[in-house]
Amino acid sequence: MPTLRPSLFLAAARKTAFTALTVLALAAAPLMAHAKPLVITLLGTGSPAPNATRFSQSILVEAGSSKYLIDLGRGVTIRLAQLGIPMGKIAASFITHSHSDHLNGLADFWMTGWIGTGYGGRTTPMVLYGPKGTENMAKHLELAFSENTRIRHADEKEPLSGIEIDAHDIEGGFSYEHDGVKITAFDTNHGELIQPNFGYIIEYDGKKAVISGDTTYDERVAKAGMGADLLLHEVAYITPELMEKKPIYKAVAAHHTSPEEAGRIFSQAKPKLAAFTHLVVRLAGEQLDLPAASIILEQVGKTYDGPVVVGEDLMRFTIEKDAVIVNGDKGQYGFRVRSD
């Protein structure tokens, strides 16, 4: 794969349709064969709206031989299957907050991952960390699906250890460390009643990725993102006409970050690469986010002139020592980069 200098990347970016690009390769240095990459894959980039191309929020983190999930939204099991990753291989999962679009794939992941097939295969408890209420949710999941557990154990002899949930309520500042990976929760503001609410910092082998989670404009995200190789941020763009027509959208917008506001966060943090996920783009007729990339890039350009990409489901970011590689199968990725 070629390494592109920022000036060359600008020319390529204007086409906005490609399957793999190398972003911000410092001095066009060759990638080290022995380096340990940190890989972030967007499994779902959407919102609560049912959308066949944007499942709701879930992010796969791969660091060395370990794999983790940040949020478990709708379709997480399907995306993992598309990638050929058995659910039993996920070491731990982390929840940003208790909204349904970040959790509605949890039961599927938990139960399907227990099935003793190539796509499941979990034989040890599912490890889960999240805000207050996570332990209670896990307890009631086990109760709600107790008949499924009874039947599969009796009929298919699945080990009961694989259907247990090792759940933990955590607070901002909590850190998980395993096999050289450090995942730290930090508080953000998604609204007065949505507390606690977390972003996450992932650190591995000198590399750093930051996930904002759902949040309004919050300079704590910029602080966490300083020095990051990749800063993933949520975004919402809703037309004034639609907010006037349906006031529910005013409440939605008040709980999220506009592209211009996200641009100010990026300008403060100065990551090697900024990227958007959790896209909430609604036009006057409640049209879903078909032109999301172009709209978001136009708006973020008012406050940020650095490298930024609009995420799509299954987009993968490979963080190497000297580059962030953006790769995916679908193409049609929107980029904006500063010119030299």
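One numbering rule holds for all chains: residues counted from 1, following each sequence as written. Local features are withheld for residues below a pLDDT of 70 in this predicted model, meaning they are given only at 70 or higher, and side-chain atom pairs are given and counted only at 80 or more; totals for whole chains, interfaces and linings count all residues. Just so you know, side-chain values use all the structure's heavy atoms and leave hydrogens and water out.

As for the overall build of the protein chain
Next, step 1: Each helix and strand in the protein chain was counted, giving 10 helices and 17 strands.
Next, step 2: A fraction of 66% describes how many contacts in the protein chain between residues 6 or more apart in sequence connect residues 24 or more apart.
Next, step 3: Residue-level accessible areas treat just the shown protein chains as cover; the underlying method is Shrake-Rupley with a 1.4 Å probe. On the protein chain, roughly 14500 Å² of surface is accessible, and the fraction owed to carbon and sulfur atoms is 54%. Helix and strand assignments come from DSSP, with helices taken as H or I runs of at least 4 residues and strands as E runs of at least 2, each series counted from the N terminus. Contacts are residue-level and defined by heavy atoms, with any inter-residue pair within 4.5 Å sufficient.

Looking at the nonpolar core
Next, step 1: Of all hydrophobic cores here, the largest spans 33 residues; its most connected members are Leu38, Ile40, Phe94, Leu230, Leu232 and Phe317.
Next, step 2: The residues contacting Phe317, other than those within four sequence positions of it, are Leu38, Val39, Ile40, Leu42, Leu230, Leu232, Leu273, Ala275, Val309, Val324, Ile325 and Val326.
Next, step 3: Residues belong to a common nonpolar core when they are buried Ala, Val, Leu, Ile, Met, Phe, Trp, Tyr or Cys residues joined through side-chain atoms within 4.5 Å. Residue exposure (1.4 Å probe, protein chains only): buried if accessible area is under 20% of the type maximum, exposed if over 50%, otherwise partly exposed. Within the second largest apolar cluster, 27 residues are counted, among which are Val221, Leu231, Val281 and Val308.

A word on the pairing of strand β10 (residues 198-204)
Next, step 1: Across the 7 residues that make up β10, a large majority, 6, are buried.
Next, step 2: Hairpin remark: β10 followed by strand β11 (residues 207-211), antiparallel, with 2 residues in the connecting loop; positive phi at Asp205, about 50°. Strand pairing is defined by DSSP finding a minimum of two bridges between the two strands.

Focus on helix α10 (residues 292-300)
Residues spaced three or four apart along an α-helix point in a common direction, a consequence of the helix completing one turn every 3.6 residues.
Next, step 1: Judged by how many residues are buried, α10 sits mostly within the fold: 7 of 9 residues are covered.
Next, step 2: Listing the buried residues of α10 in full gives Ala292, Ala293, Ile295, Ile296, Leu297, Gln299 and Val300.

Here's the deal with the packing of helix α9 (residues 259-269) against α10
Next, step 1: To obtain each axis, a line is fitted to C-alpha atoms, and for helices this fit is confined to the stretch in contact; angles are then taken between N-to-C directions over 0 to 180 degrees. With their axes 8 Å apart at the nearest point, α9 and α10 run at an angle of 55° to one another. Relative to α10, α9 is oriented oblique. Crossing hand, α9 versus α10: right-handed. Every residue of α10 that contacts α9 at Pro259, Glu260, Gly263 and Phe266 is listed here: Ile296, Gln299 and Val300.
Next, step 2: Class assignment of the residues belonging to the contact of α9 with α10 gives a composition of 4 nonpolar, 2 polar and 1 charged. Between 65 and 115 degrees an angle is taken as roughly perpendicular, under 35 as roughly parallel, over 145 as roughly antiparallel, and anywhere else as oblique. The sense of a crossing depends on the near helix, which, turned anticlockwise from the far helix by less than a right angle, makes the crossing left-handed and, turned clockwise, makes it right-handed. Each residue is assigned to one class: nonpolar for Ala, Val, Leu, Ile, Met, Phe, Trp, Tyr, Cys and Pro, charged for Asp, Glu, Lys and Arg, and polar for all the others, Gly among them.

Overview of the pattern of salt bridges
Next, step 1: A pair is scored as a salt bridge if a Lys or Arg side-chain nitrogen falls within 4 Å of a carboxyl oxygen belonging to Asp or Glu. As enumerated under the stated definition, the model contains 8 salt bridges in all.
Next, step 2: Residue Glu312 is joined to Arg54 by a salt bridge in which the shortest nitrogen-to-oxygen separation is 3.3 Å. Of this pair, Glu312 sits in the loop between β14 (308-310) and β15 (316-319) while Arg54 sits in the loop between β2 (38-44) and β3 (58-63); the two residues are 258 residues apart in sequence, bridging distant segments of the chain.
Next, step 3: Judged by its relative accessible area of 13%, Glu312 falls in the buried class.

Quick word on the side chain of Ser212
Next, step 1: Note that Ser212 resides in the loop between β11 and α6 (219-225).
Next, step 2: A polar contact is formed between the side chain of Ser212 and the backbone nitrogen of Glu234, at a distance of 3.2 Å.
Next, step 3: Setting aside residues up to four positions removed in sequence, Ser212 forms contacts with Thr188, Phe198, Gly199, Val221, Leu232, His233 and Glu234. Polar contacts, as used here, are pairs of N or O atoms within 3.5 Å; protein pairs need one atom able to donate a hydrogen and one able to accept it. Residues neighboring in sequence count only if both atoms are side-chain atoms.

Looking at the packing of aromatic side chains
Next, step 1: Two aromatic rings from Phe, Tyr or Trp, using only the six-membered ring of Trp, form a pair when their centres are within 6.5 Å; if the ring planes differ by under 30 degrees the pair is stacked, by over 60 it is edge-to-face, and anything between is tilted. Going through the model one piece at a time under the given rule, you end up with 11 aromatic pairs.
Next, step 2: When the centroid spacing of 5.7 Å and the interplanar angle of 65° are considered together, the rings of Phe94 and Tyr200 count as edge-to-face. One end of the pair, Phe94, is in strand β5 (residues 90-94); the other, Tyr200, is in strand β10, and 106 residues separate them in sequence.
Next, step 3: The interplanar angle of 55° and the centroid separation of 5.4 Å between the aromatic rings of Phe266 and Phe276 together place this pair among those described as tilted. A residue pair is termed long-range when its members are at least 10 positions apart, and Phe266 in helix α9 and Phe276 in strand β13 (residues 273-282) qualify at 10 residues.
Next, step 4: Classification of Phe266 as buried rests on a relative accessible area of 0%.

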